[in-house]
Every structure is written in structure tokens, then in C-alpha cells.
Amino acid sequence: MEISVLVILVISIAAIFFFLRNASGKRRHNDQPAVASQPASTTDAVNDQYTPAHSSEKEQLVIHQDEHNIPRRHLNDAAMKVVYHLQDEGYEGYLVGGCIRDLLLNKRPKDFDVATNAHPEKAHELFRRSRLIGRRFKLLHVRFGRDLIEVATFRASHDSKQENIDGEHGRQNDSGMIVRDNVYGTIEDDALRRDFTVNALYYCPRDHSIYDFAGGYSDLKNKVLRMIGEPDARYREDPVRMLRAARFAAKLDFDIEPASAEPIKRLAPLLKDIAPARMFDEALKIFQSGHGVASFEQTRHYGLFEQLFQQTAASLKNPQDMPVETLVLNALSNTDRRLQQNKSVTPAFLFAALLWYPMTQRMQRLQDEDGMHPLPALHEAANQVIAAQVRQTAIPRRFSTPIREIWELQLRLSRRQGKRADRLMEHPRFRAAYDLLVLRENSGEKLDGLGEWWTRYQDSNPGNRIEMNREANTDEAPKRRRRRRRPSKPKQQPQND
């Protein structure tokens, strides 16, 4: 009898626990996001403050699925799992930034980012395959198979938290540049801390709506790139935002809003304070993302190109009868074309092409002023140019060594007699060197048909290659052979009588 009562008591407790758990779960999943439940006065205040100057109407805060029409099949599964897990644990979670912008423009996002109100350490505890990175801007990387999802905590202004007084969470230097940015806030704070309005759009998987706090949806339709807040101060906080403005304008074919564009030329020198390693990454994003030609035009227009490639910018101003600009445009166009064809590209080739004429000009000066022979002059000029470039964009050694080899092969490709041509084709950098040679010839540099010769040689059979080598032997002036001296006979020692 006692056992039956005990069993009934256990079953009753289990049923009550199960009922309470389901009720709390339904309540949590049926809750609307904080932005949707805020008072109408707060919503109106946000819209009043951030309505773009070009529109007299208030921006819509919530864009429902039937209006934005983002297909759910285009959303990344791994990113959605991260968001759902954050929401299941009682936190807010949204897809945010460039992925939403690109989906609205019918483009394929390169990656998907997540924003949440969970602090990095708390979010780290929720995902087994995750790690915290960064000190200036702490982030969480969550790995799902081959996908790497970046999770960022909502940021706030540095003056919005009392704990910022000691500079532990947020800090700026004397010029206004942010050197630490770990002051956390709400989703509204986070939206207004982002750079451009079109990057401040939040997608909620719970109701499949987009939340817009800065008028980004309207700017996206009008193809306008607008800085959130006062542009001068925002560029001083992070000068790389000027490069991002040029890159987004080129990638999206947007116009930079006049107030956002005005300070760029004036503040461009602030990029000298950015770490060279970060500048190298930005250079690759700008010129190796499939829109290099448009990015080159944007960076030159706003005085940003010389902050990335000062030596190339100097050669563009003083080409010395060299087709500098044509080669740069051809190299960038070639890179864009390869990316469109899903072919591989390497920073070594891009830097070798962009720095070719600065290196050539230094090499010529070393030959004229110091009387150096071509190959030693090339090696010395290469060392000087790469050393100067590293101070702007830190080039890893795995790229700087191939750059030197590509340049050296430009001299060796002209010596193609005998078996040299076949040996050169076995060089691991031959293809990159050949491509640069052809670009130089197509840009107008006088190479006496050398690029065309190498094109025919690669397509020829062994018999034709032998004939082409003979023609090359007759084209090159015969070298003067050194006369070998006969070894002198040892003097015979006189014999003693």
C-alpha cells in the first residue's frame, strides 16, 4: 500500500514539473523581441532621430517578411542554429550586418554574423566548439562543420556605462580612435554603434522580420551609403571605416552620401596609425573581392590609395614613360575576371603587379647611379620596395618571397636559348611570372613580342619548340667567349751536380 502511494506521488510530481517546463518554454518562445514590444513613444523617438535627410516620412522600424521577401532557404543553417540556441537559452539572437544587406540586394553573402545580448563569456559557455578572440573587440567564433559563425555582443557608446571610466571596457586615444570597444548595451545601442545604415539591419528568425533602427532599409533601396552619427567623429574612432566606405561603394555600386564623403580626403592620413597587418587584410578585401577596378577608382578619388600603396601612387604621378596606370588596371581587371570564373588568386601576384614599376624605377636608378648590373640591381630594388611596403601593409613572408621570384623571372624569361625555356617552365612561379609578362606587354611596354613568344612556345609540340629555340639563338647577340689560358708549365728545378 505504501509503495502504491509513493509511486502515485512520484508520477504526480513528474507531471507537475513537465507541465511547468512546457508552460515556461511556450511563454519564452511566444515572447516578441524587445524591439517589437517597446512603447510607441520609444519607437517614434528612434524614427525621429534617425530619419534620413532625403526623406520626410518616418522610417519603418519593422519590415515584415511579406515586404522584404528574403527566402528562408538562402539563410545559412549553421547561423540559424546559433541564433535558435541563443534564443532557447533565454537570450536575444539576430542575423545582422552584411549578410542581411546582401540578401536584400539578391547577392550571395560571403558570411553570416550573429548579434546577441549574451556577453562573450556567457555565449562561450553555450557552444562546445567555440573560442573567444580579440582584445580590442571581443568576439566569439562558433564552428559548425566547415562554417565559422561570428557572434558579437550588442555594443554601446563608451559614455553610456559607468564602468567605462577606468578604460577597461572601452578606451580611445587622443585622436579619438577606439583602442578598446567592449562596452555592452541593448540592440538599439548596437545599431547606432555600427558604421553604415545599410549594415544596421537585424533579422529575427522567430518572426522572420527585419528590424531597422537607422533608416538602412530606405538607404538600401535608394543605393545610398550613409554613415551613422557624425561622420568626422566616426571616422576618427576607426579610420578603416573610410576604406570600408570606398569598398562598399565599389562593391554595391552605391553613392556615398555627401556628408559621409566630405571628411574622407581630409582624414585619410589617419590610416597611418592603423596596424600594417590590419591594412594588409583591408587591401585584400578591397582589391581581391571581385570589384578591384571599381575599388581602385574609389580609393584614388578619395585619396586612400596612397595610404595603401604609397610607392605605386608616386609612380602613377610620375610614370617616367612607363604604362603604370594601365598595368594596375589590367592587373586588377585580370583578378576580377579570375574571381568571377571561380579561379584562384594570390596576393603575391597582385602585389608583384602593383609594385612592379616602383621596383623597376628603383632598379634603373641603381644601374644608372651606382653602375650595378641588372640582376643585383633588381635584388636590391626588390628589397627596398618590399621593406617600404611592409611599413604600410605587412606582407607575410609566404607572399613576399614569391613576389621576389616573380620579379626575378621577368629578367630570366628573356633568356630562352637552348634548354633554358624548358627549365623555366618547370619553375613553381613560372605561370605567375608569365601572366605578369603578358600584362606588361598588353599594357604597352615594349618587350619585342616576348610575351607572345612564350604563349606560342607553351602551345607548341617538341619539334616546334626546338625550332623556336634556334630562332631565339639567332635573335640574341652572340656572347663573347672568354679565352681560356693554358696552364703554365711548372719550372724545372735545377739539378745539383
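What you see as residue numbers is a count from 1 along each chain, following the sequence as written. Under the rules for a predicted model, residues below a pLDDT of 70 receive no local features and side-chain atom pairs below 80 are neither given nor counted, while totals for whole chains, interfaces and linings still include all residues. Side-chain measures were taken over the full set of non-hydrogen atoms in the model, leaving aside hydrogen atoms and water.

**Q** Teacher, can you tell me more about the nonpolar core here?
**A** Side chains that are nonpolar tend, in soluble globular proteins, to be buried together. Think of a nonpolar core as a cluster: buried Ala, Val, Leu, Ile, Met, Phe, Trp, Tyr and Cys residues, connected wherever their side-chain atoms sit within 4.5 Å. For every residue, the accessible area obtained with a 1.4 Å probe (protein chains only) is divided by the maximum for its type, and the residue is called buried under 20%, exposed over 50%, and partly exposed between those limits. Counting residues in hydrophobic clusters, the biggest one holds 110 residues, and the most contacted among them are Leu95, Ile100, Phe287, Leu304, Met359, Trp407 and Trp454. Within the second largest apolar cluster, 15 residues are counted, among which are Leu61, Val62, Phe154 and Ala214.

**Q** Hey, could you run me through helix 22 (residues 397-412) in this one?
**A** An α-helix turns once per 3.6 residues; consequently, residues spaced three or four apart project the same way. Helix length check: helix 22, at 16 residues, gives a terminal C-alpha distance of 23 Å against a target of 22 Å (1.5 Å per residue), a fit within 8%. Comment: elements are numbered from the N terminus, with helices defined as DSSP H or I runs of at least four residues and strands as E runs of at least two. Taken together, the buried positions of helix 22 are occupied by Phe399, Ser400, Pro402, Ile403, Ile406, Trp407, Leu409 and Gln410. We call two residues contacting when some pair of their heavy atoms lies within 4.5 Å. Elements that come into contact with the buried residues of helix 22 comprise helix 14 (276-287), helix 19 (347-354), helix 20 (356-370), helix 21 (374-390), helix 23 (420-425) and helix 24 (430-442). The span one expects for a helix is its residue count, reduced by one, times 1.5 Å.

**Q** Whenever I open this one, the pairing of strand 2 (residues 93-96) confuses me. Can you help?
**A** A regular strand places its side chains on the two faces of the sheet in alternate fashion. Across the two faces of strand 2 the burial is the same, with Gly93 and Leu95 and Tyr94 and Val96 all buried. For two strands to pair, DSSP has to find at least two bridges joining them. Pairing geometry for strand 2 and strand 3 (residues 113-116), over four bridges, is antiparallel. Counted as the bridge partner of leucine 95 is valine 114 from strand 3. Two strands pair when backbone bridges link them, and strand 2 and strand 9 (residues 201-204) are joined in this way by two bridges, in the antiparallel orientation. Residue valine 96 lies in a different strand from strand 9, and its bridge partner there is tyrosine 202.

**Q** Would you mind going over the environment of glycine 418 with me for this structure?
**A** Topologically, glycine 418 is positioned in the loop between helix 22 and helix 23. For the pair glycine 418 and isoleucine 466, spaced 48 residues apart in sequence, the C-alpha separation works out to 8.2 Å.

**Q** Just checking my understanding: could you explain the pattern of salt bridges for this structure?
**A** Where charged atoms from two side chains of opposite charge approach closely, those side chains can pair. Whenever a carboxyl oxygen of Asp or Glu lies within 4 Å of a side-chain nitrogen of Lys or Arg, that contact is scored as a salt bridge. The final tally for this structure, using the stated rule, is 21 salt bridges. Its salt-bridge partner being arginine 266, residue glutamate 262 comes within 3.2 Å of it at the nearest N-O pair. Glutamate 452 serves as the salt-bridge partner of arginine 456, at 2.9 Å between the closest nitrogen and oxygen. With arginine 456 and glutamate 452 both in helix 25 (residues 450-459), this residue pair falls four residues apart, about one helical turn. You can call arginine 456 partly exposed: its relative accessible area is 35%. Glutamate 452 sits in the partly exposed class, given a relative accessible area of 40%. A network of salt bridges, in which partner residues are shared, links Arg193, Arg234, Glu237 and Arg241.

**Q** Quick question: what am I supposed to make of the packing of aromatic side chains here?
**A** Each aromatic ring pair is specified by the distance between its two centres and by the angle formed by the two planes. Stacked, tilted and edge-to-face are the three classes assigned to paired rings of Phe, Tyr and Trp, where Trp is represented by its six-membered ring and a pair needs centres within 6.5 Å; plane angles under 30 degrees give stacked, over 60 edge-to-face, the rest tilted. Applying the stated criterion across every chain, the model contains 17 aromatic pairs. With centroids separated by 6.2 Å and ring planes inclined at 15°, the aromatic side chains of phenylalanine 430 and tyrosine 434 adopt a geometry described as stacked. Of this pair, phenylalanine 430 and tyrosine 434 are both found in helix 24, four residues apart, which corresponds to roughly one turn of the helix. Residue class for tyrosine 434 comes out buried when judged on its relative accessible area of 8%.

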